[in-house]
4 protein chains.
Amino acid sequence: MNERLQLGIIGAGRIGKLHAQNIMHLIPEAKIKILADILAEQDQIKNWAKDLGIPRITTDYRELLTDPEIGAVVICSSTDTHADLIIAAARAGKHIFCEKPIDLSAAKIKTALQAVKEANVKLQIGFNRRFDHNHRSVKEAVLAGKIGEPQLIQITSRDPAPPPLEYVKVSGGLFLDMTIHDFDMARFLAGSEVVAVYAAGGVLVDPAIGAAGDIDTAVVTLKFANGAIGVINNSRQAAYGYDQRVEVFGSKGSVLDRNDTPSTAVISTAAGVVGEKPRYFFLERYNESFVNEMKAFVAAVLTGQATPVGGFDGLQSVLIARAALKSLAENRPVKIEEID
Amino acid sequence: MNERLQLGIIGAGRIGKLHAQNIMHLIPEAKIKILADILAEQDQIKNWAKDLGIPRITTDYRELLTDPEIGAVVICSSTDTHADLIIAAARAGKHIFCEKPIDLSAAKIKTALQAVKEANVKLQIGFNRRFDHNHRSVKEAVLAGKIGEPQLIQITSRDPAPPPLEYVKVSGGLFLDMTIHDFDMARFLAGSEVVAVYAAGGVLVDPAIGAAGDIDTAVVTLKFANGAIGVINNSRQAAYGYDQRVEVFGSKGSVLDRNDTPSTAVISTAAGVVGEKPRYFFLERYNESFVNEMKAFVAAVLTGQATPVGGFDGLQSVLIARAALKSLAENRPVKIEEID
Amino acid sequence: MNERLQLGIIGAGRIGKLHAQNIMHLIPEAKIKILADILAEQDQIKNWAKDLGIPRITTDYRELLTDPEIGAVVICSSTDTHADLIIAAARAGKHIFCEKPIDLSAAKIKTALQAVKEANVKLQIGFNRRFDHNHRSVKEAVLAGKIGEPQLIQITSRDPAPPPLEYVKVSGGLFLDMTIHDFDMARFLAGSEVVAVYAAGGVLVDPAIGAAGDIDTAVVTLKFANGAIGVINNSRQAAYGYDQRVEVFGSKGSVLDRNDTPSTAVISTAAGVVGEKPRYFFLERYNESFVNEMKAFVAAVLTGQATPVGGFDGLQSVLIARAALKSLAENRPVKIEEID
Amino acid sequence: MNERLQLGIIGAGRIGKLHAQNIMHLIPEAKIKILADILAEQDQIKNWAKDLGIPRITTDYRELLTDPEIGAVVICSSTDTHADLIIAAARAGKHIFCEKPIDLSAAKIKTALQAVKEANVKLQIGFNRRFDHNHRSVKEAVLAGKIGEPQLIQITSRDPAPPPLEYVKVSGGLFLDMTIHDFDMARFLAGSEVVAVYAAGGVLVDPAIGAAGDIDTAVVTLKFANGAIGVINNSRQAAYGYDQRVEVFGSKGSVLDRNDTPSTAVISTAAGVVGEKPRYFFLERYNESFVNEMKAFVAAVLTGQATPVGGFDGLQSVLIARAALKSLAENRPVKIEEID
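Report on the accompanying structure. Since the model is a prediction, treat every value here as computed from it, not as a measurement.

### What to know about the overall build of chain A
Tallying secondary structure elements over chain A gives 12 helices and 15 strands in all. Taking 20 Å as the expected radius of gyration for a compact globule of 340 residues, we find that chain A reaches 20 Å, a close match to that expectation. Principal-axis analysis of the C-alpha atoms gives chain A an extent of 55 × 55 × 45 Å. In the form shown here, chain A has an accessible surface area of approximately 12,700 Å², with 51% of it arising from carbon and sulfur atoms. When the 37 positive and 40 negative side-chain charges of chain A are each reduced to one mean point, those points stand 3 Å apart.

### Some words on the pairing of strand S13 (residues 266-269) of chain C
Of the two faces of S13(C), the one holding C:Val266 and C:Ser268 and the one holding C:Ile267 and C:Thr269 are both buried throughout. Direction of pairing for strand S12 (residues 253-256) of chain B relative to S13(C): antiparallel, over a ladder of 4 bridges. For B:Val255, the partnering residue across the bridge sits in S13(C) and is C:Ile267. Relative to strand S14 (residues 272-275) of chain C, S13(C) runs antiparallel, the two sharing 4 bridges. Looking at the pairing, C:Ile267 lines up with C:Val274 of S14(C). In textbook terms, the turn of a hairpin is the stretch between consecutive antiparallel strands, and for S13(C) and S14(C) this stretch comprises 2 residues.

### So, the relation of the copies chain A and chain B
Structural alignment of chain A on chain B gives an RMSD of 0.0 Å, achieved by rotating through 180° and translating 0.0 Å along the axis. Expressed as an axis order, the relation between the two copies is that of a two-fold axis. Minimal C-alpha distance to the rotation axis in chain A is attained by A:Arg332, lying at 2.8 Å. Here 100% of the interface residues in chain A have copies in chain B that are interface residues too; the copies meet face to matching face.

### Concerning the packing of helix H1 (residues 14-26) of chain A against helix H11 (residues 287-303) of chain A
All names here are of chain A. For the pair H1 and H11, the least separation of the axes is 10 Å and the interaxial angle reads 65°. When the axes of H1 and H11 are compared, the pair comes out roughly perpendicular. Of the two elements, H1 crosses H11, and the hand of that crossing is right-handed. When H1 is examined against H11, the residues Ile15, Leu18, His19, Asn22, Ile23 and Leu26 are found in contact with a partner set consisting of Phe290, Val291, Glu293, Met294 and Lys295. Split by residue class, the contact of H1 with H11 holds 7 nonpolar, 2 polar and 2 charged.

### Quick look at the pairing of strand S1 (residues 5-10) of chain D
Residue and element names in this part refer to chain D. Along S1, 6 of the 6 residues are buried, which leaves the element largely enclosed by surrounding structure. Of the two faces of S1, the one carrying Leu5, Leu7 and Ile9 and the one carrying Gln6, Gly8 and Ile10 are both buried. Of the pairings in the sheet, the one linking S1 to strand S2 (residues 30-36) comprises 6 bridges and is parallel in character. Along S2, the bridge assignment pairs Ile10 with Ala36. Each parallel crossover has a hand, and the one from S1 via helix H1 (residues 14-26) to S2 is right-handed. Across 4 bridges, S1 lies against strand S4 (residues 72-75) in parallel orientation. Its bridge partner lying in S4, Leu7 is registered against Ala72.

Basis of the calculations
- Residues numbered from 1 in each chain as written.
- Chains lettered and ligands numbered in written order.
- Predicted model: local features only at pLDDT ≥ 70, side-chain atom pairs only at ≥ 80, totals over all residues.
- Heavy atoms only, no water.
- Helix = DSSP H or I, 4+ residues; strand = E, 2+ residues; numbered from the N terminus.
- Rg over C-alpha atoms; globule rule 2.2 N^0.38 Å.
- Areas by Shrake-Rupley, 256 points an atom, 1.4 Å probe, with all protein chains shown as cover.
- Lys, Arg positive; Asp, Glu negative; His and termini not counted.
- Charge placed at Lys NZ, Arg CZ, Asp CG, Glu CD.
- Buried < 20%, exposed > 50% of the residue type's maximum accessible area, 1.4 Å probe, protein only.
- Pairing = 2+ DSSP bridges.
- Least-squares fit on C-alpha atoms with pLDDT ≥ 70 in both.
- Contact = heavy atoms within 4.5 Å.
- Axes fitted to C-alpha atoms, helices over the stretch in contact; angles between N-to-C directions.
- Parallel < 35°, antiparallel > 145°, perpendicular 65-115°, else oblique.
- Left-handed = near helix turned anticlockwise from the far one by under 90°.
- Nonpolar A, V, L, I, M, F, W, Y, C, P; charged D, E, K, R; others polar.
- Right-handed = clockwise from strand over helix to strand, strands pointing away.

These results come straight from atomic positions and should not be treated as a statement about function.
Encoded structure:
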């Protein structure tokens, strides 16, 4: 086996731990040399890292950036730190995998992307859903021309339960926190850029979410540069679980996917014909996609090819989310070019 | 068997013939006494009526209205005649079944409804899809409280092929000709009135449709009085056939239906796992619903109960369509109350 | 319209009434001139026939046979009368549609078929399932070569509830009463004759069925002349309704069908993803097939072509059923040639 | 973390490598200390073991048995060595995981099981399909009483392509090589022992398989002690891939599973509605089950509980296969008690 890519990872929360486990167990081409986390002195995290085989753990992320053996960093810390860490990593010459969103501010994102450009390092944003087996099959059918020119893109994206209210308050709101994945998916599937957005939204799940200044239910219409029209529907609470379906309709037909279920078992009784509910939430549903996106990042770094989801994608999704917020506030369609 | 309801039918085009056949073959509680059609002197239509067992055929619809044995009329003539025929029938004291739309003008509809009200006759509008087995099952699940309070209504409604351009030019446009069924379905499923509309549309199927001043592809967002949000997507051309699916998502879950197919056969070969396309078009797909709506009308007349789809429903769907047209023209959400 | 085929119908039980209604309402090429039933003097049946437009009703079936205008008879009386009525009708020169089975005795069937042959009249046996939209699609895929050479035929055939015990006692048993349809379907799908049968069966639904000398659950293996193997599984009681599925597996793939449901609606809640149960029983499930088989019979008579299911088919299914009975009794595979 | 279970593994063919990777990457509770393989001196295998983190590799399996730190052995060598290795491992006091079948001879299996019993070590047989998410869901529904008492068990099990002829010749034949999994599954699902077997089989895929003394297509009927009836259909070649479906039908209903597919994407075009083929073969389809069975074995050893699939299961499946062979040869149902 060739030399492995040495990685540093910043942040060992839920998503950081997931990436670390995937890298150490399932991606033989890479390994983590240093983990930085603000809680790195606690036993629990130390033991976790040791069991996983991570050689070093620190509270100071700068140790990763100055280690010459480390070729790339994986940024999984809180959103407000992403842009600064990208800049620091870029200046240190490290390739970068960063969780979404890059930042809630378009200006800050642009600054970070400028640093990446100047340092000529690779940047991949954690839009893991592009690497999901179902959505990828849909995309491949589109790319293969099976449905002709895309005309309608339809995304159903519903969470099984709202996040804690404390999280809602700092999340940036439904569009920047949840729909942002769908905005990226819509661009991915349409193969075209969004030029205008109209958002309808409401508080139908929990009044406390409204009191916190957010919405929990939305329908967002997207107009694409190529003339196609997209529509996303969101809810923070689907009683039956995590509902993740997309459809692309085009001049030659349609391709859609359905939810994954824990099994294909179907029970028929006097009460009806009962199948399983969708996989509960993103860790179960998109489990494999997290591995696939990281493999793609490692491969891009090792081969020198472009990353499959770059800084431009990270920027666009935030611009669309901001346009949706403005549309909701002003109850009118908003052009992306209005946002800046 | 009790005395049958004697019907007069006006118009023996495609839909008129369908209703006539359904009544004569499948609805033993009613029979057609007189058929009025402007082509009633042609042999073809005369023979058709005779074979079907219709005793009398005339070019003059007034014969139906003055026949005291006739209890109700079925109006299947061209849209521009509907309102006047409703008024004449109402004044003659006949109950009325009228194909949709009542008229393209809201003012004219209101005049017709006033005549119906004054005559105290029954009026049913031909929104046959409410009587479809699939959509009705969805509605019944909603009524039974199985999905809780409706929050999102989603309708996919795509024709297999555009109508002839000559028809497009006089049709009133996509919203009044095609989406009008979906507007009615959305109200039916939501159990609430539409208060505002935002329409995005384009010419993606055939430039000639655009040249004729119409669109062929649309996404329409609906806001309901109860806070629910609806979204309809339309195309004039689905390569795989007639695509007719609805979903209602609510606080306790979701209910959706899928397309009907000519058979359930599935062929698995090296090329894939292949099922049948949807039933081709509305005559195949909604075949049974046309029988059911007419049975419901006959039953309403015979029992004295209210018709299941009345003049108010006929008016609302046109108001929503007009709001959608205005929204498309002005690229802004339009309130229903703006239309008059 | 051309002259219609005049029919006589013998027997106005459940299936006789169904055929009569289908002919009078849905098959314009034919009409019933005389109905013969042993209860023809009762008001209920007289009124029923009158409402349906049948001109004459009699207790004496010979009136049909001597009426020169009647071209064909439809035999729907009890099984024990079929063979004699076929012989009488054949000698009267009438074409014959006869419900299955022709008789429980192979010898008696052969005598009846001989009479048909000598009179050179057409005979169709009421194996309606061949005319079902789902099974016919499966057959068409096989005929079109889509799955290559058939190798395995699999039939799941389960009733929603057992018939009354009194019926069980005179039915000839599961194989002659219920599986006989599946034996015919297996031959139809395989395109080859059954040469040997092995039957495993048990009393798992109701001990009273066992006490009556019958079984209620069975798995029957069929060997075909072309080397293909078939397997049928039966139960008299499926809690979820009427389960009717077939599969043909061949050198290039497989084709199978699924149950029909009253609607395609699917309800997703915390309790699961629930679809509808199969259509309850044969009148709902195979409704259309009864119309189709009668249309095919009328067309065969009017055009002079062969009927699609003839006397040979009626004989074979009884021979297979008899072989299955012998196999069950002797617990060994039985060749069809052993039966006579 | 507690001390891990130290394992020795014997045989690094396809299945041995799979187990080794699963243990080293996905089962933190265990690790492999020694790998024994007859090719252990070749660089390829040495490098593979080193990359995987296996500390030692040897050509002599006895090193595993004498290492006091090793608590259990995983036997993945060729079938003809299984029984002797089980005996040796048992005498060395090691717990044992052994691939199926234990042996092709019932007598030899009994000797091996006797050794296991005398040594009081644990034995698990590699019937991985019991650990598949779909089949397990079916079993759980049965155990939960959802379908009442099992009455019919139906298993469709078809390979995508026959194995090489050289393999066919030494495999023991279809029943001992392929159907053996289905025999175990049938017992698992029925919750009852097979008492008699009737096998119908043929050479429909490839005459060379027949020339080698084997069959490639079969339908096997099973009678269970509790009165239930089972039926398995097999083919060595399904053009559309690996077809693995089971159904249990009982007094309260039915539970069945469907094939897994690489994605849920469905493409609708003028050509039809096309879904994906089943996952190609057992490594893709049953991937997760191999991990689950090994986790279950490790847990049984660490907790002292019984293994979920024991020696008795390994013996029964071979007895059923032998009865099926005898049934096929003699064309009669064969009781399990006849085999010995």
